[in-house]
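Coordinate analysis (summary)
The primary structure of each chain is shown beneath.
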Amino acid sequence: MICREVVELMTDYLDGALSQEDRARFEDHIAGCNGCTAYLEQLRRTRSVIGRLAAEPVPAGLEAELLSAFRSWRSGPRP
Amino acid sequence: MSRRPDDSDLAALKAGDEAVFQALVQRYHGPLMRLAVGYVRDRSAAEDVVQETWLTCLRSLDRFEGRSSLKTWIFGIALNVARTRRRKDARVLPFASLFRRDDSDSSAPTVDPRRFGSEGKWRTPPDDWSNVPESHVLSRETLDRVRSAIDRLPPRQREVIILRDVAGFDAQAVSAVLAITPENQRVRLHRARAAVRKVLEEYLR
């Protein structure tokens, strides 16, 4: 495996979707390649930064409306 | 996979537990907003989509039997609401904006080929980010750039990366919610992460 190919396999690698054989070749390559090690680390870091976008406060008005809808649902006619 | 972590949430919701409902609304607001923003014109329209999603969930809750996880069900509803909304808006949006190029399923290289030498080895290797302080990576400005990079992705990539990396679904759940093959799921995720990485690389250097 060569760097140009290895970078395209990184998501498969992180997802555990490589065959056992490809995984071994991938890891052999990474072990001896600073560039690909850095790229893999960048992708991991990217993934974790994206994860931070999950935290977003609910606007107070929207939350109040939804809670009010929940209460009407709870007290409404049920099948 | 017999018992899912959100089984108890579903039971509590059906029993009318407001605190559980409120916690779900808060937990999924970020991922739902990101998902919605991709389909509509602005934040206010995206908030409408999120609101309509929850109202639809409430209307359908009694009929939901938990065949999929609660989270998968909620995000499936959100996708429906957002896509319906987009179809309605399509009548007033410029025709061309509906046919933007989408290379989401392409197997073209995700790294600029000029960065590799003739033998396919790095010519311009990526920087080592281990020296970049965490405070910089997680600064408000960095997050804003990442957010807008995701909002600019072609729709098929955007859906996958939001469900995987913002909402935290696993690969299998995303393939199921979007009705795509595991292979397409991985290709789209890879292209999307590579695009966001590139934005970060330009910013963090």
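Every residue gets a number counted from 1 within its own chain, in the order that chain's sequence is written. In the order they appear in the text, chains get letters beginning with A and ligands get numbers beginning with 1. Local features in this predicted model are restricted to residues of pLDDT 70 or higher, and side-chain atom pairs are both shown and tallied only at a pLDDT of 80 or more, whereas totals for entire chains, interfaces and linings draw on every residue.

Things to note about the overall build of chain B
Going by this rule: Helix numbers and strand numbers start at the N terminus; a helix is a DSSP run of H or I with at least 4 residues, a strand a run of E with at least 2. By the convention adopted here, residues make contact when the C-beta atoms placed from their backbones lie within 7 Å.
For chain B, the helix and strand inventory stands at nine helices and zero strands. Along chain B, helices and strands appear, N-terminal first, in the series α-α-α-α-α-α-α-α-α. Taking the principal axes of its C-alpha atoms as reference, chain B extends roughly 65 × 40 × 35 Å. If you take every contact in chain B between residues at least 6 apart in sequence, the share linking residues at least 24 apart comes to 68%.

Quick look at the interface of chain B and chain A
One frequently used descriptor of interface size is the decrease in accessible area upon assembly of the parts. The criterion, for reference: All amino acids are sorted into three groups, where Ala, Val, Leu, Ile, Met, Phe, Trp, Tyr, Cys and Pro are nonpolar, Asp, Glu, Lys and Arg are charged, and the leftover types, Gly among them, are polar.
With 49 residues of chain B in contact, the opposing surface of chain A contributes 41 residues. Taken together, the elements giving at least two residues each to the side of chain B that touches chain A come down to helix 2 (18-37), helix 3 (43-60), helix 6 (140-152), helix 7 (155-166) and helix 9 (182-204) of chain B. Top contributing element to the side of chain B that touches chain A by residue count: helix 2 of chain B, with ten residues. The class makeup of the residues in the side of chain B that touches chain A is 24 nonpolar, eleven polar and 14 charged.

Focus: the packing of helix 2 of chain B against helix 4 (residues 70-90) of chain B
All names here are of chain B. Using the following cut-off: Axis geometry follows a simple rule: fit a line to the C-alpha atoms, using only the stretch in contact for helices, then measure angles between N-to-C directions, giving values from 0 to 180 degrees. By the definition adopted for this analysis, an angle is roughly parallel if under 35 degrees, roughly antiparallel if over 145, roughly perpendicular if from 65 to 115, and oblique otherwise. Handedness of a crossing follows from how the near helix is turned relative to the far one, being left-handed for an anticlockwise turn of less than a right angle and right-handed for a clockwise one.
Put simply, helix 2 and helix 4 touch, their axes get as near as 10 Å, and they point 30° apart. Between helix 2 and helix 4, the angle is such that the two are roughly parallel. Crossing handedness for the pair helix 2 and helix 4: right-handed. When helix 2 is examined against helix 4, the residues Tyr 28, Leu 32, Leu 35 and Ala 36 are found in contact with a partner set consisting of Ile 74, Ala 78 and Ala 82. Broken down by class, the residue content of the contact of helix 2 with helix 4 amounts to seven nonpolar, no polar and no charged.

Examining unusual backbone geometry
In the Ramachandran plot, Ala 179 of chain B falls in the positive-phi region, its phi being about 55° despite a non-glycine side chain. Residue position: Ala 179 of chain B is located in the loop between helix 8 (171-178) and helix 9.

Comments concerning the nonpolar core
Residue and element names in this part refer to chain B. Condition: For this entry, the nonpolar core is defined as buried Ala, Val, Leu, Ile, Met, Phe, Trp, Tyr and Cys residues connected by C-beta atoms within 7 Å. Counting other C-beta atoms within 10 Å of its own, a residue is labelled buried from 20 upward, exposed at 12 or fewer, and partly exposed in the gap between, with every C-beta atom placed from the backbone.
Membership of the largest hydrophobic core comes to 46 residues, with the highest contact counts inside it found for Ala 36, Ile 74, Ala 78, Ile 161 and Leu 163. Sorting elements by how many residues they give to this core places helix 2 first, with nine residues. Ignoring any residue separated from it by four or fewer positions in sequence, one finds Ile 74 in contact with Tyr 28 and Cys 57.

Notes on the domain arrangement of chain B
Residue and element names in this part refer to chain B. We count it as follows: Boundaries of every domain are those given by an automatic assignment or by a domain database.
When the domains of chain B are assigned, the result is domain 1 (7-93) and domain 2 (106-204). One C-alpha centre belongs to domain 1, the other to domain 2; they are set 25 Å apart. The partner domain 2 presents eleven residues to the ten residues of domain 1 that form the contact. The element that contributes the greatest number of residues to the side of domain 1 that touches domain 2 is helix 2, accounting for five residues.

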